[in-house]
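Listed below are the residues making up each chain.
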Amino acid sequence: MARIDDGIRRLARDMAETMYEAPGIGLAATQVDVHLRLIVVDASETRDQLLVLINPEIETQEGSQKCEEGCLSVPGIYDRVERAEHVVVRYLDLDGREQAVAASGLLAVCLQHEIDHLQGRVFVEHLSQLKQLRIRNKLAKQARITA
């Protein structure tokens, strides 16, 4: 069992607050400029099933599904992304115990999306080159308008 310090616990709590306020269903520490392998997710309709995953790793993935995704890192951009339909993710919980979560559907998408952030990727990188170019142009135009 790994030792998890109080700073990690506070970070997870703050990230969860940020995620819920956004409103979002997932947030990676890298999105708040903290370079730790930590994600928080809650894909429940009731918004009361928070998962905090430290050092998450996708152990298995099966099937395929396309879901519309958006991201706090690229506001206003949404598109359909193909991801695994079922995943098993190993991680440490806030007590330092190794856990695994088997997920399907929206939770599986959210876990893959947030783990991508920990690897320096955003969901638009799963899209075609043409769509990526259109998104870059749209974001550049938004930046010029707000500047």
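Heads up: the structure comes first, above all this text.
Our subject in this report is the structure included herewith. (Residues numbered from 1 in each chain as written. Predicted model: local features only at pLDDT ≥ 70, side-chain atom pairs only at ≥ 80, totals over all residues. Heavy atoms only, no water.)

As a further point, take the nonpolar core. Formed by 15 residues in total, the largest nonpolar core has its most connected members in I39, V41, L53, V87, V89, V101 and L111. Among the secondary structure elements, those contributing two or more residues to this core are strand 2 (38-41), strand 6 (86-92), strand 7 (98-104) and helix 2 (105-118). The leading source of residues in this core is helix 2, at 5 residues. Once residues lying within four places of it in the same chain are set aside, the contact partners of V87 are I58, T60, Q61, V101, A102, A103, A108, L111 and Q112. Ranked by size, the runner-up nonpolar core spans 13 residues in total, among them I8, M19, I54 and L92. (Core = buried A, V, L, I, M, F, W, Y, C linked by side-chain atoms within 4.5 Å. Buried < 20%, exposed > 50% of the residue type's maximum accessible area, 1.4 Å probe, protein only. Helix = DSSP H or I, 4+ residues; strand = E, 2+ residues; numbered from the N terminus. Contact = heavy atoms within 4.5 Å.)

A few words now on the sheet that holds strand 3 (residues 51-62). Sheet architecture is open: 5 strands sit in the order 1-2-3-6-7, paired in antiparallel fashion. Where the open sheet ends on each side, the last strands, each with one partner, are strand 1 (26-28) and strand 7. Strand-to-strand twist across the sheet, computed as the mean angle between neighbouring axes with direction ignored, equals 40°. Running at roughly 40° to strand 2, helix 1 (residues 6-21) makes contact with strand 1, strand 2 and strand 3 of the sheet. Helix-sheet contacts for helix 2 involve strand 1, strand 2, strand 3, strand 6 and strand 7, and the interaxial angle to strand 2 is about 155°. (Pairing = 2+ DSSP bridges. Axes fitted to C-alpha atoms, helices over the stretch in contact; angles between N-to-C directions.)

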